[in-house]
Amino acid sequence: HYHEKGQPPFRTLTSLPFEDAKAILCAGMTEKTAFDADHFLTLRYERDKTLRELFLAIGGKPVRTAPVYFTLGENEGLKTWFDEPACVKIPFSQFDPDTVSFTYGDSFVTINPALDTGEEWWGKVFRYSNILKLVERYGFPEDPPYHMARRVFPKDKHINHCLKFVEAHVWSDGALDAYRLGMD
(Lines give C-alpha, C1' and ligand atoms only; values in the text may rest on other atoms or scores of the structure.)
Protein backbone atom coordinates (compact mmCIF):
# COMPACT_ATOMS: atom_id res chain seq x y z
CA HIS A 1 0.00 0.00 0.00
CA TYR A 2 1.51 3.29 -1.09
CA HIS A 3 0.79 6.55 0.68
CA GLU A 4 2.36 9.93 1.41
CA LYS A 5 5.12 9.76 4.02
CA GLY A 6 4.03 11.51 7.19
CA GLN A 7 0.36 10.80 6.46
CA PRO A 8 -1.57 7.84 7.84
CA PRO A 9 -1.86 4.86 5.49
CA PHE A 10 -5.06 3.07 4.45
CA ARG A 11 -7.16 6.16 3.81
CA THR A 12 -9.77 6.00 1.05
CA LEU A 13 -11.48 9.05 -0.40
CA THR A 14 -14.60 7.11 -1.32
CA SER A 15 -15.20 6.11 2.29
CA LEU A 16 -16.04 9.79 2.87
CA PRO A 17 -19.10 11.79 1.81
CA PHE A 18 -18.60 13.15 -1.73
CA GLU A 19 -18.11 16.81 -0.73
CA ASP A 20 -15.54 15.89 1.96
CA ALA A 21 -13.63 13.75 -0.55
CA LYS A 22 -13.72 16.59 -3.09
CA ALA A 23 -12.38 19.10 -0.57
CA ILE A 24 -9.44 16.81 0.28
CA LEU A 25 -8.72 16.06 -3.36
CA CYS A 26 -8.87 19.72 -4.39
CA ALA A 27 -6.72 20.85 -1.45
CA GLY A 28 -3.79 18.98 -2.94
CA MET A 29 -4.23 20.39 -6.44
CA THR A 30 -2.10 22.99 -8.08
CA GLU A 31 -2.71 24.66 -11.42
CA LYS A 32 -0.38 22.04 -12.92
CA THR A 33 -2.33 19.09 -11.49
CA ALA A 34 -5.87 20.53 -11.69
CA PHE A 35 -8.54 18.34 -13.29
CA ASP A 36 -12.28 17.85 -13.02
CA ALA A 37 -12.56 16.56 -9.45
CA ASP A 38 -16.34 16.07 -9.70
CA HIS A 39 -15.99 13.85 -12.76
CA PHE A 40 -13.10 11.85 -11.31
CA LEU A 41 -14.81 11.29 -7.96
CA THR A 42 -18.12 10.36 -9.58
CA LEU A 43 -16.29 7.69 -11.60
CA ARG A 44 -14.29 6.53 -8.56
CA TYR A 45 -17.43 6.11 -6.41
CA GLU A 46 -19.13 4.22 -9.27
CA ARG A 47 -16.10 1.96 -9.79
CA ASP A 48 -15.86 1.18 -6.07
CA LYS A 49 -19.55 0.27 -6.02
CA THR A 50 -19.05 -1.96 -9.07
CA LEU A 51 -15.97 -3.62 -7.52
CA ARG A 52 -17.96 -4.41 -4.40
CA GLU A 53 -20.88 -5.85 -6.40
CA LEU A 54 -18.54 -7.97 -8.51
CA PHE A 55 -16.78 -9.25 -5.39
CA LEU A 56 -20.09 -10.18 -3.77
CA ALA A 57 -21.04 -12.03 -6.96
CA ILE A 58 -17.98 -14.33 -6.65
CA GLY A 59 -18.61 -15.06 -2.97
CA GLY A 60 -16.59 -12.27 -1.40
CA LYS A 61 -17.62 -10.93 1.98
CA PRO A 62 -16.76 -7.24 2.02
CA VAL A 63 -17.18 -5.43 5.32
CA ARG A 64 -16.26 -1.93 4.16
CA THR A 65 -18.31 -0.05 1.56
CA ALA A 66 -15.12 1.31 -0.05
CA PRO A 67 -11.90 -0.66 -0.40
CA VAL A 68 -8.42 0.27 0.69
CA TYR A 69 -6.17 -0.09 -2.34
CA PHE A 70 -3.00 -2.14 -2.46
CA THR A 71 -0.92 -3.73 -5.21
CA LEU A 72 0.18 -7.32 -5.42
CA GLY A 73 3.91 -6.77 -5.19
CA GLU A 74 5.79 -3.51 -5.57
CA ASN A 75 5.12 -0.98 -8.30
CA GLU A 76 7.56 1.71 -9.40
CA GLY A 77 4.93 3.82 -11.13
CA LEU A 78 2.76 4.15 -8.02
CA LYS A 79 5.66 5.65 -6.13
CA THR A 80 5.49 8.63 -8.51
CA TRP A 81 1.98 9.49 -7.34
CA PHE A 82 3.43 10.89 -4.11
CA ASP A 83 5.91 13.63 -3.25
CA GLU A 84 7.47 11.40 -0.59
CA PRO A 85 6.19 7.86 -1.09
CA ALA A 86 5.92 5.43 1.78
CA CYS A 87 4.94 1.79 1.49
CA VAL A 88 3.31 -0.66 3.87
CA LYS A 89 3.82 -4.31 2.96
CA ILE A 90 1.42 -6.85 4.43
CA PRO A 91 1.65 -10.55 3.56
CA PHE A 92 -1.58 -11.90 2.10
CA SER A 93 -1.64 -14.51 4.87
CA GLN A 94 -2.54 -11.69 7.31
CA PHE A 95 -5.86 -11.07 5.54
CA ASP A 96 -9.13 -12.96 5.57
CA PRO A 97 -9.22 -14.09 1.91
CA ASP A 98 -12.98 -13.48 1.82
CA THR A 99 -12.31 -9.76 2.26
CA VAL A 100 -9.75 -9.11 -0.51
CA SER A 101 -10.48 -8.89 -4.22
CA PHE A 102 -8.11 -8.26 -7.12
CA THR A 103 -8.17 -6.82 -10.62
CA TYR A 104 -5.62 -7.66 -13.27
CA GLY A 105 -4.67 -4.05 -13.78
CA ASP A 106 -5.76 -0.76 -12.32
CA SER A 107 -9.48 -1.07 -11.58
CA PHE A 108 -10.06 2.40 -12.97
CA VAL A 109 -9.06 0.87 -16.31
CA THR A 110 -10.28 -2.73 -16.11
CA ILE A 111 -13.77 -1.89 -14.84
CA ASN A 112 -14.24 0.72 -17.57
CA PRO A 113 -16.37 -0.89 -20.31
CA ALA A 114 -15.14 1.68 -22.85
CA LEU A 115 -11.60 0.28 -22.59
CA ASP A 116 -12.50 -3.43 -22.77
CA THR A 117 -10.30 -5.12 -25.36
CA GLY A 118 -11.72 -8.60 -24.79
CA GLU A 119 -9.10 -10.25 -22.58
CA GLU A 120 -10.45 -12.45 -19.81
CA TRP A 121 -9.74 -9.93 -17.04
CA TRP A 122 -11.89 -7.06 -18.31
CA GLY A 123 -14.83 -6.15 -16.09
CA LYS A 124 -13.94 -8.78 -13.50
CA VAL A 125 -12.58 -9.11 -10.01
CA PHE A 126 -10.73 -12.18 -8.82
CA ARG A 127 -10.02 -14.13 -5.67
CA TYR A 128 -6.39 -14.61 -4.65
CA SER A 129 -5.90 -18.05 -6.21
CA ASN A 130 -7.40 -16.88 -9.50
CA ILE A 131 -5.30 -13.73 -9.76
CA LEU A 132 -2.17 -15.82 -9.16
CA LYS A 133 -3.20 -18.04 -12.10
CA LEU A 134 -3.57 -14.97 -14.33
CA VAL A 135 -0.14 -13.68 -13.28
CA GLU A 136 1.34 -17.11 -13.95
CA ARG A 137 -0.23 -17.15 -17.41
CA TYR A 138 0.41 -13.53 -18.49
CA GLY A 139 2.99 -12.13 -16.08
CA PHE A 140 2.36 -8.85 -14.32
CA PRO A 141 0.56 -6.15 -16.31
CA GLU A 142 2.58 -3.72 -18.36
CA ASP A 143 3.85 -0.78 -16.31
CA PRO A 144 5.17 1.82 -18.72
CA PRO A 145 7.56 4.46 -17.42
CA TYR A 146 5.63 7.48 -16.19
CA HIS A 147 5.72 10.06 -13.41
CA MET A 148 2.28 10.97 -12.12
CA ALA A 149 3.31 13.94 -9.96
CA ARG A 150 5.31 15.53 -12.78
CA ARG A 151 2.58 14.67 -15.33
CA VAL A 152 5.04 12.75 -17.56
CA PHE A 153 3.18 9.98 -19.36
CA PRO A 154 3.77 7.39 -22.10
CA LYS A 155 3.63 8.84 -25.58
CA ASP A 156 1.86 5.90 -27.27
CA LYS A 157 -1.35 5.86 -25.19
CA HIS A 158 -3.01 7.67 -22.31
CA ILE A 159 -1.81 6.52 -18.89
CA ASN A 160 -5.39 5.61 -17.92
CA HIS A 161 -5.35 2.99 -20.70
CA CYS A 162 -2.35 1.18 -19.18
CA LEU A 163 -2.95 -1.69 -16.77
CA LYS A 164 0.10 -0.74 -14.59
CA PHE A 165 -0.25 -3.28 -11.73
CA VAL A 166 -2.29 -6.03 -10.11
CA GLU A 167 -4.58 -4.14 -7.78
CA ALA A 168 -5.80 -5.53 -4.46
CA HIS A 169 -8.93 -4.22 -2.78
CA VAL A 170 -9.05 -4.73 0.97
CA TRP A 171 -12.65 -4.76 2.18
CA SER A 172 -12.06 -5.13 5.94
CA ASP A 173 -10.07 -3.22 8.52
CA GLY A 174 -9.07 -6.37 10.44
CA ALA A 175 -5.48 -6.78 9.23
CA LEU A 176 -5.12 -3.04 8.65
CA ASP A 177 -5.93 -2.24 12.27
CA ALA A 178 -3.09 -4.49 13.47
CA TYR A 179 -0.68 -2.50 11.27
CA ARG A 180 -2.15 0.84 12.36
CA LEU A 181 -1.51 -0.09 15.99
CA GLY A 182 2.07 -1.05 15.16
CA MET A 183 2.65 2.39 13.63
CA ASP A 184 1.56 4.41 16.66
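To keep things clear, this report deals only with the structure shown in the data block. Values in this document were obtained by computation on a predicted structure and should not be read as measured data. Counting restarts for each chain: residues are numbered from 1 in the order of the written sequence. Local features in a predicted model are, by the rule used here, given only for residues with pLDDT of at least 70; side-chain atom pairs are given and counted only at 80 or more, and totals for whole chains, interfaces and linings are based on all residues. As a convention, hydrogens and water are excluded, and side-chain values are obtained from all of the structure's heavy atoms.

**Examining the sheet that holds strand S4 (residues 100-104)**
Now for step 1: Taken together, three strands build an open sheet; the order of strands is S2-S5-S4 and the sheet is antiparallel. Two strands lie at the open edges of the sheet, namely strand S2 (68-71) and S4, each paired on one side alone. The sheet shows a mean angle of 30° between the axes of neighbouring strands, taken without regard to direction.
Now for step 2: As paired strands, S4 and strand S5 (residues 166-170) are joined by five bridges and run antiparallel to one another. Residue pairing across strands places Thr 103 opposite Glu 167, the latter belonging to S5.
Now for step 3: Together, S4 and S5 form the strand contacts of helix H5 (residues 128-138), whose direction differs from that of S4 by roughly 20°. Any two strands between which DSSP finds at least two bridges are classified as paired. By the criteria applied, helices consist of DSSP H or I runs no shorter than four residues and strands consist of E runs no shorter than two, each listed in order from the N terminus. Lines fitted to C-alpha atoms define the axes here, with helix axes fitted over just the stretch in contact, and angles between the N-to-C directions of these axes take values from 0 to 180 degrees. Residue contacts follow a heavy-atom distance rule, with two residues in contact if any of their heavy atoms lie within 4.5 Å.

**So, the packing of helix H1 (residues 18-27) against helix H2 (residues 37-57)**
Now for step 1: Running from N to C, H1 and H2 point in directions that differ by 125°, and their axes come no closer than 10 Å. Judged by the inter-axis angle, H1 sits oblique to H2. Crossing hand, H1 versus H2: right-handed. Of H2, the residues touching H1 (which contributes Phe 18, Ala 21, Lys 22, Leu 25 and Cys 26) are Ala 37, Asp 38, Phe 40, Leu 41, Thr 42 and Tyr 45.
Now for step 2: Amino acids outside the nonpolar list (Ala, Val, Leu, Ile, Met, Phe, Trp, Tyr, Cys, Pro) and the charged list (Asp, Glu, Lys, Arg) are all regarded as polar, and Gly is one of them. Broken down by class, the residue content of the contact of H1 with H2 amounts to eight nonpolar, one polar and two charged. Each angle receives one of four descriptions, namely roughly parallel if under 35 degrees, roughly antiparallel if over 145, roughly perpendicular if within 65 to 115, and oblique otherwise. Should the near helix be turned counterclockwise from the far one by less than a right angle, the crossing is left-handed, whereas a clockwise turn marks it as right-handed.

**A look at the packing of aromatic side chains**
Now for step 1: Think of it this way: a Phe, Tyr or Trp ring, Trp meaning its six-membered ring, pairs with another when their centres are within 6.5 Å, and the plane angle makes it stacked under 30 degrees, edge-to-face over 60, tilted otherwise. On inspection of all chains with the given rule, the structure shows 12 aromatic pairs.
Now for step 2: Aromatic side chains Phe 92 and Phe 102 sit 6.0 Å apart centroid to centroid with 45° between the ring planes, which places their arrangement in the tilted category. A residue pair is termed long-range when its members are at least 10 positions apart, and Phe 92 in the loop between strand S3 (85-87) and S4 and Phe 102 in strand S4 qualify at 10 residues. The pair formed by Phe 92 and Phe 102 is uniform in burial state, with each residue classed as buried.
Now for step 3: When the centroid spacing of 5.1 Å and the interplanar angle of 75° are considered together, the rings of Trp 121 and Tyr 138 count as edge-to-face. Linking Trp 121 in the loop between helix H4 (107-110) and H5 with Tyr 138 in helix H5, this pair joins segments that are 17 residues apart in sequence.
Now for step 4: Taken together through their ring pairs, the aromatic side chains of Phe 10, Phe 70, Phe 92, Phe 95, Phe 102 and Tyr 128 make up a single cluster. Note on classification: 1.4 Å probe, protein chains only; a residue is buried when its accessible area is under 20% of the maximum for its type, exposed when over 50%, partly exposed between these limits.

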